[in-house]
Amino acid sequence: MNFSKALEEMKAGKKLSRKGWNGKGMYVFLLTGEDIKKAIAPMPDNTIALPSIAMCTHDSTRRKAVLVGWLASQSDMLADDWEIVNE
């Protein structure tokens, strides 16, 4: 699937990965504004939390890690090897 379709799937709550990524268990997912507001409590009621794409990856010791604010590379945006992750 292409990146446009992958974005649609993320917005629908799916986790996605690329076949071309070399790390096992890596995927991206959408954090909604509400997810972020719940995670960063307390927040003033009038605070707006903007959505963000996050990546589930691993740190240098192979522990699972979440990177908030993942940015797609040009290669990622032009790739057609995106797939839905079923955990």
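It should be emphasised that the depicted structure is a prediction, and the values quoted were computed from it without experimental measurement.

A.B. asks: Is there a simple way to explain the side chain of Asp 81 in this structure?
C.D. replies: Among the secondary structure elements, Asp 81 is positioned in the loop between helix H3 (74-78) and strand E5 (82-85). Note on Asp 81: relative accessible area 17%, which makes it buried. Engagement of the side chain of Asp 81 in a polar contact is seen with the side chain of Arg 18, the distance being 2.6 Å. A distance of 2.8 Å separates the side chain of Asp 81 from the backbone nitrogen of Gly 20, its partner in a polar contact. Excluding anything up to four places from it in sequence, Asp 81 contacts Met 1, Ser 17, Arg 18, Lys 19 and Gly 20.

A.B. asks: Explain unusual backbone geometry here, please?
C.D. replies: Peptide bonds are mostly trans, and most non-glycine residues show a negative phi. The phi dihedral of Arg 62 is positive, around 75°, even though this residue is not glycine. Tracing the sequence through the fold places Arg 62 in the loop between strand E3 (52-58) and strand E4 (64-68). According to the relative accessible area criterion, Arg 62 is exposed, its value standing at 56%.

About the thresholds
Residues numbered from 1 in each chain as written. Predicted model: local features only at pLDDT ≥ 70, side-chain atom pairs only at ≥ 80, totals over all residues. Heavy atoms only, no water. Helix = DSSP H or I, 4+ residues; strand = E, 2+ residues; numbered from the N terminus. Buried < 20%, exposed > 50% of the residue type's maximum accessible area, 1.4 Å probe, protein only. Polar contact = N/O pair within 3.5 Å; in protein donor to acceptor, adjacent residues only side chain to side chain. Contact = heavy atoms within 4.5 Å.

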